[in-house]
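So the chains spell out like this:
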Amino acid sequence: MRQKLVAGNWKMNGSLAENEVLLDGVVAGTREFPGVICCAPYPYLFQMQEKLQGTHVAWGAQNLSQYERGAYTGEVSAAMLKDFGCSYVIIGHSERRAIFGETSMTVAEKFKAAQDAGLVPILCVGETLSEREAGATFAVVGEQLDAVAGFVGVSALEDAVLAYEPVWAIGTGKTATPQQAQDVHRHLRERVALMNSEVAGKVRILYGGSVKSSNAAELFAMPDIDGGLIGGASLVASDFCDICRAAA
Ligand code: 13P
(Lines give C-alpha, C1' and ligand atoms only; values in the text may rest on other atoms or scores of the structure.)
Protein backbone atom coordinates (compact mmCIF):
# COMPACT_ATOMS: atom_id res chain seq x y z
CA MET A 1 0.00 0.00 0.00
CA ARG A 2 1.32 3.40 -0.95
CA GLN A 3 0.67 6.06 1.72
CA LYS A 4 -1.36 8.80 0.08
CA LEU A 5 -0.02 12.35 0.05
CA VAL A 6 -1.82 15.67 -0.27
CA ALA A 7 0.46 18.61 -1.03
CA GLY A 8 -0.68 22.23 -1.09
CA ASN A 9 1.02 24.42 -3.67
CA TRP A 10 0.36 27.94 -2.43
CA LYS A 11 1.95 29.47 -5.54
CA MET A 12 2.60 33.23 -5.08
CA ASN A 13 -0.02 33.71 -2.37
CA GLY A 14 -0.05 34.34 1.34
CA SER A 15 1.20 36.80 3.94
CA LEU A 16 2.56 36.33 7.44
CA ALA A 17 -0.88 37.00 8.88
CA GLU A 18 -2.79 34.83 6.40
CA ASN A 19 -0.34 31.94 6.74
CA GLU A 20 -0.69 32.02 10.51
CA VAL A 21 -4.42 31.35 10.27
CA LEU A 22 -4.10 28.85 7.42
CA LEU A 23 -1.40 26.76 9.11
CA ASP A 24 -3.26 26.64 12.42
CA GLY A 25 -6.30 25.38 10.55
CA VAL A 26 -4.34 22.78 8.57
CA VAL A 27 -2.58 21.38 11.63
CA ALA A 28 -5.79 21.19 13.64
CA GLY A 29 -7.90 19.78 10.80
CA THR A 30 -5.68 17.01 9.41
CA ARG A 31 -4.51 15.18 12.54
CA GLU A 32 -5.79 11.81 11.36
CA PHE A 33 -3.82 12.02 8.07
CA PRO A 34 -0.02 11.64 8.07
CA GLY A 35 0.57 12.65 4.42
CA VAL A 36 0.08 16.44 4.52
CA ILE A 37 2.57 18.80 2.87
CA CYS A 38 2.43 22.60 2.44
CA CYS A 39 4.66 24.25 -0.18
CA ALA A 40 5.07 27.96 0.49
CA PRO A 41 6.89 30.86 -1.18
CA TYR A 42 10.55 31.14 -0.09
CA PRO A 43 10.19 34.08 2.33
CA TYR A 44 7.70 32.14 4.45
CA LEU A 45 9.83 29.03 4.97
CA PHE A 46 11.08 30.40 8.28
CA GLN A 47 7.49 30.78 9.40
CA MET A 48 6.70 27.24 8.18
CA GLN A 49 9.55 25.88 10.26
CA GLU A 50 8.46 27.79 13.34
CA LYS A 51 4.82 26.76 13.04
CA LEU A 52 5.08 23.21 11.71
CA GLN A 53 8.11 21.76 13.46
CA GLY A 54 6.93 19.02 15.80
CA THR A 55 3.56 18.67 14.03
CA HIS A 56 2.52 15.94 11.54
CA VAL A 57 2.55 18.47 8.66
CA ALA A 58 5.61 18.54 6.39
CA TRP A 59 6.60 21.55 4.32
CA GLY A 60 8.52 22.43 1.23
CA ALA A 61 9.26 24.99 -1.48
CA GLN A 62 7.94 25.40 -5.02
CA ASN A 63 11.23 25.67 -6.88
CA LEU A 64 14.99 25.69 -6.32
CA SER A 65 18.21 26.40 -8.19
CA GLN A 66 19.98 23.61 -9.98
CA TYR A 67 23.26 25.14 -8.75
CA GLU A 68 24.83 24.58 -5.33
CA ARG A 69 26.06 28.09 -4.56
CA GLY A 70 27.72 31.14 -6.07
CA ALA A 71 27.00 34.00 -8.44
CA TYR A 72 23.37 33.21 -9.31
CA THR A 73 21.53 36.38 -8.38
CA GLY A 74 18.03 35.79 -7.11
CA GLU A 75 18.34 32.04 -6.86
CA VAL A 76 17.80 29.75 -3.85
CA SER A 77 19.77 26.54 -3.34
CA ALA A 78 18.67 23.13 -2.09
CA ALA A 79 20.88 23.51 1.00
CA MET A 80 19.07 26.76 1.87
CA LEU A 81 15.74 24.94 1.73
CA LYS A 82 17.16 22.30 4.05
CA ASP A 83 18.24 25.06 6.44
CA PHE A 84 14.58 25.93 6.86
CA GLY A 85 13.50 22.35 7.45
CA CYS A 86 11.98 21.63 4.04
CA SER A 87 11.45 17.96 3.23
CA TYR A 88 9.94 18.48 -0.23
CA VAL A 89 10.32 20.72 -3.25
CA ILE A 90 8.07 21.00 -6.30
CA ILE A 91 10.06 20.65 -9.53
CA GLY A 92 9.02 21.45 -13.08
CA HIS A 93 5.56 22.85 -12.37
CA SER A 94 3.92 23.78 -15.67
CA GLU A 95 3.96 27.46 -14.64
CA ARG A 96 7.76 27.26 -14.31
CA ARG A 97 8.03 25.49 -17.65
CA ALA A 98 5.64 27.82 -19.51
CA ILE A 99 6.24 31.23 -17.88
CA PHE A 100 9.87 30.92 -16.80
CA GLY A 101 11.16 28.83 -19.68
CA GLU A 102 12.33 25.78 -17.75
CA THR A 103 13.29 23.01 -20.13
CA SER A 104 13.17 19.29 -19.39
CA MET A 105 16.95 19.43 -18.97
CA THR A 106 16.76 22.21 -16.37
CA VAL A 107 14.03 20.28 -14.60
CA ALA A 108 16.24 17.18 -14.52
CA GLU A 109 19.14 19.18 -13.07
CA LYS A 110 16.88 20.66 -10.41
CA PHE A 111 15.56 17.22 -9.56
CA LYS A 112 19.11 16.01 -9.03
CA ALA A 113 20.08 19.06 -6.97
CA ALA A 114 17.10 18.44 -4.69
CA GLN A 115 17.89 14.77 -4.15
CA ASP A 116 21.60 15.41 -3.64
CA ALA A 117 20.64 17.67 -0.72
CA GLY A 118 18.19 15.14 0.76
CA LEU A 119 14.99 16.80 -0.40
CA VAL A 120 12.14 14.79 -1.93
CA PRO A 121 11.30 16.24 -5.35
CA ILE A 122 7.67 16.42 -6.43
CA LEU A 123 8.15 16.21 -10.20
CA CYS A 124 5.29 17.71 -12.23
CA VAL A 125 4.38 16.57 -15.72
CA GLY A 126 1.36 17.40 -17.85
CA GLU A 127 0.08 18.24 -21.30
CA THR A 128 -1.61 21.36 -22.67
CA LEU A 129 -5.11 21.29 -24.13
CA SER A 130 -3.81 21.40 -27.71
CA GLU A 131 -1.42 18.54 -26.98
CA ARG A 132 -4.30 16.49 -25.54
CA GLU A 133 -6.50 17.29 -28.53
CA ALA A 134 -3.70 16.21 -30.85
CA GLY A 135 -3.54 12.85 -29.06
CA ALA A 136 -0.07 13.61 -27.72
CA THR A 137 -0.73 13.32 -23.96
CA PHE A 138 1.28 10.14 -23.38
CA ALA A 139 4.12 11.35 -25.60
CA VAL A 140 4.36 14.67 -23.74
CA VAL A 141 4.28 13.31 -20.20
CA GLY A 142 6.53 10.46 -21.31
CA GLU A 143 9.18 12.86 -22.58
CA GLN A 144 8.97 14.90 -19.38
CA LEU A 145 9.42 11.78 -17.27
CA ASP A 146 12.13 10.22 -19.41
CA ALA A 147 14.22 13.41 -19.34
CA VAL A 148 14.51 13.10 -15.57
CA ALA A 149 14.76 9.31 -15.38
CA GLY A 150 17.46 9.37 -18.06
CA PHE A 151 19.47 11.98 -16.18
CA VAL A 152 19.26 10.64 -12.62
CA GLY A 153 18.52 6.93 -13.25
CA VAL A 154 15.19 5.24 -12.64
CA SER A 155 16.05 4.12 -9.09
CA ALA A 156 16.11 7.80 -8.04
CA LEU A 157 12.36 7.89 -8.68
CA GLU A 158 11.85 5.66 -5.66
CA ASP A 159 12.68 8.62 -3.41
CA ALA A 160 10.56 11.07 -5.36
CA VAL A 161 6.92 11.88 -5.95
CA LEU A 162 5.40 12.36 -9.40
CA ALA A 163 2.52 14.72 -10.05
CA TYR A 164 0.34 14.58 -13.15
CA GLU A 165 -1.08 18.04 -13.73
CA PRO A 166 -2.86 18.54 -17.04
CA VAL A 167 -2.20 22.19 -17.89
CA TRP A 168 -5.80 22.65 -19.06
CA ALA A 169 -7.07 21.69 -15.61
CA ILE A 170 -4.87 24.03 -13.56
CA GLY A 171 -6.77 26.93 -12.07
CA THR A 172 -9.54 26.53 -14.62
CA GLY A 173 -12.14 24.74 -12.52
CA LYS A 174 -12.05 22.05 -15.23
CA THR A 175 -10.89 18.87 -13.49
CA ALA A 176 -9.81 15.79 -15.41
CA THR A 177 -12.35 13.03 -14.90
CA PRO A 178 -11.14 10.28 -12.58
CA GLN A 179 -10.83 7.99 -15.61
CA GLN A 180 -8.88 10.55 -17.67
CA ALA A 181 -6.47 11.03 -14.78
CA GLN A 182 -6.22 7.30 -14.05
CA ASP A 183 -5.34 6.58 -17.69
CA VAL A 184 -2.36 8.93 -17.56
CA HIS A 185 -1.31 7.78 -14.09
CA ARG A 186 -1.35 4.18 -15.26
CA HIS A 187 0.66 5.11 -18.32
CA LEU A 188 3.27 6.84 -16.14
CA ARG A 189 3.49 3.87 -13.79
CA GLU A 190 3.80 1.45 -16.71
CA ARG A 191 6.51 3.61 -18.19
CA VAL A 192 8.46 3.47 -14.93
CA ALA A 193 7.80 -0.30 -14.75
CA LEU A 194 9.48 -0.78 -18.12
CA MET A 195 12.62 0.58 -16.47
CA ASN A 196 12.15 -0.92 -12.97
CA SER A 197 8.99 -2.66 -11.79
CA GLU A 198 9.83 -2.38 -8.09
CA VAL A 199 10.20 1.40 -8.30
CA ALA A 200 6.94 1.58 -10.28
CA GLY A 201 5.07 -0.15 -7.49
CA LYS A 202 6.41 2.25 -4.90
CA VAL A 203 6.42 5.69 -6.54
CA ARG A 204 3.55 7.94 -5.52
CA ILE A 205 1.78 9.70 -8.40
CA LEU A 206 -0.36 12.68 -7.34
CA TYR A 207 -3.05 14.30 -9.45
CA GLY A 208 -3.25 18.10 -9.68
CA GLY A 209 -5.63 20.45 -11.48
CA SER A 210 -8.78 21.92 -9.92
CA VAL A 211 -8.97 19.36 -7.12
CA LYS A 212 -11.73 20.39 -4.70
CA SER A 213 -13.36 18.79 -1.71
CA SER A 214 -16.25 17.82 -4.00
CA ASN A 215 -14.15 15.79 -6.45
CA ALA A 216 -11.16 14.63 -4.34
CA ALA A 217 -12.62 11.35 -3.08
CA GLU A 218 -13.49 10.00 -6.53
CA LEU A 219 -10.07 10.94 -7.91
CA PHE A 220 -8.23 9.41 -4.94
CA ALA A 221 -10.25 6.20 -5.28
CA MET A 222 -8.57 5.38 -8.60
CA PRO A 223 -5.92 2.66 -8.31
CA ASP A 224 -2.96 4.68 -9.60
CA ILE A 225 -3.83 8.03 -8.00
CA ASP A 226 -1.91 8.34 -4.74
CA GLY A 227 -3.14 11.74 -3.61
CA GLY A 228 -3.22 15.29 -4.88
CA LEU A 229 -1.26 18.46 -5.57
CA ILE A 230 -3.64 21.24 -4.68
CA GLY A 231 -3.46 24.87 -5.79
CA GLY A 232 -6.38 27.22 -5.07
CA ALA A 233 -8.11 24.95 -2.57
CA SER A 234 -4.94 24.69 -0.47
CA LEU A 235 -5.33 28.37 0.51
CA VAL A 236 -8.53 27.78 2.47
CA ALA A 237 -7.95 25.61 5.55
CA SER A 238 -11.39 23.99 5.60
CA ASP A 239 -11.23 23.08 1.89
CA PHE A 240 -7.69 21.72 2.16
CA CYS A 241 -8.53 19.72 5.28
CA ASP A 242 -11.57 18.20 3.55
CA ILE A 243 -9.33 17.12 0.66
CA CYS A 244 -6.84 15.58 3.10
CA ARG A 245 -9.67 13.71 4.79
CA ALA A 246 -10.71 12.33 1.40
CA ALA A 247 -7.24 10.79 1.15
CA ALA A 248 -7.13 9.42 4.70
P1 13P B 1 -5.39 24.41 -8.94
O2 13P B 1 -5.71 23.38 -7.86
O3 13P B 1 -5.61 25.81 -8.48
O4 13P B 1 -6.03 24.06 -10.23
O5 13P B 1 -3.80 24.31 -9.18
C6 13P B 1 -3.22 23.07 -9.38
C7 13P B 1 -1.75 23.22 -9.34
O8 13P B 1 -1.16 23.82 -10.22
C9 13P B 1 -1.03 22.65 -8.19
O10 13P B 1 0.34 22.63 -8.41
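Just above sits the structure.
Residues numbered from 1 in each chain as written. Predicted model: local features only at pLDDT ≥ 70, side-chain atom pairs only at ≥ 80, totals over all residues. Heavy atoms only, no water.

## Overview of the side chain of K110
For step 1, the next point in the chain: Relative to the assigned elements, K110 resides in helix α5 (residues 104-116).
For step 2, the next point in the chain: Excluding residues within four positions of it along the chain, K110 makes contact with N63, L64, S65, Q66, I91 and E102. (Helix = DSSP H or I, 4+ residues; strand = E, 2+ residues; numbered from the N terminus. Contact = heavy atoms within 4.5 Å.)

## As for the pattern of salt bridges
Side chains bearing opposite charge may pair, as long as their charged atoms lie close to each other.
For step 1, the next point in the chain: In this structure the tally under the stated criterion is 14 salt bridges.
For step 2, the next point in the chain: The partner of E198 in a salt bridge is K202, and the shortest N-O contact between them spans 3.4 Å. A residue pair is termed a helical-turn pair when its members lie 3 or 4 positions apart in one helix, as E198 and K202 do in helix α9 (residues 197-202) at four residues.
For step 3, the next point in the chain: K202 sits in the partly exposed class, given a relative accessible area of 40%. (Salt bridge = Lys/Arg side-chain N within 4 Å of Asp/Glu carboxyl O. Buried < 20%, exposed > 50% of the residue type's maximum accessible area, 1.4 Å probe, protein only.)

## Some thoughts on helix α7 (residues 137-152)
For step 1, the next point in the chain: Between the first and last C-alpha of α7 there are 23 Å, a value that for 16 residues agrees with the 22 Å anticipated at 1.5 Å per step.
For step 2, the next point in the chain: What α7 keeps buried is the set T137, V140, V141, G142, Q144, L145, V148 and A149.
For step 3, the next point in the chain: Residues of α7 that are buried in the fold lie against α4 (94-99), α5, β5 (120-125), α6 (129-133), β6 (161-164) and α8 (178-195).
For step 4, the next point in the chain: Where α7 ends, the next residue or the one after it, G153, has phi of about 90°, a positive value. (Expected span 1.5 Å × (residues − 1).)

## Topic: the site of the ligand
For step 1, the next point in the chain: Lining the immediate surroundings of the ligand are N9, K11, H93, E165, A169, I170, G171, G209, S210, L229, G231 and G232.
For step 2, the next point in the chain: Take G171: an N or O atom from its main chain is 2.6 Å from an oxygen atom of the ligand.
For step 3, the next point in the chain: Within the contact set of the ligand, an oxygen atom lies 2.8 Å away from a backbone nitrogen or oxygen of G232.
For step 4, the next point in the chain: Burial of the ligand by the protein amounts to 94% of the accessible area it has alone, namely 310 Å².
For step 5, the next point in the chain: Residue classes in the shell around the ligand are distributed as three nonpolar, seven polar and two charged. (Near = heavy atom within 4 Å. Polar contact = N/O pair within 3.5 Å; in protein donor to acceptor, adjacent residues only side chain to side chain. Areas by Shrake-Rupley, 256 points an atom, 1.4 Å probe, with all protein chains shown as cover. Nonpolar A, V, L, I, M, F, W, Y, C, P; charged D, E, K, R; others polar.)

## Considering the sheet that holds strand β4 (residues 88-91)
For step 1, the next point in the chain: In space, the eight strands of this closed barrel follow the order β1-β2-β3-β4-β5-β6-β7-β8, with parallel pairing throughout. Each strand axis lies, on average, 25° off the axis of its neighbour in the sheet, ignoring direction.
For step 2, the next point in the chain: The strands that α7 touches are β5 and β6; relative to β5, the one it contacts most, it runs at about 155°. (Pairing = 2+ DSSP bridges. Axes fitted to C-alpha atoms, helices over the stretch in contact; angles between N-to-C directions.)

## As for the side chain of S77
For step 1, the next point in the chain: The topology assignment puts S77 in the loop between β3 (58-61) and α3 (78-83).
For step 2, the next point in the chain: In contact with S77, not counting residues within four places along its chain, are Y67 and E68.

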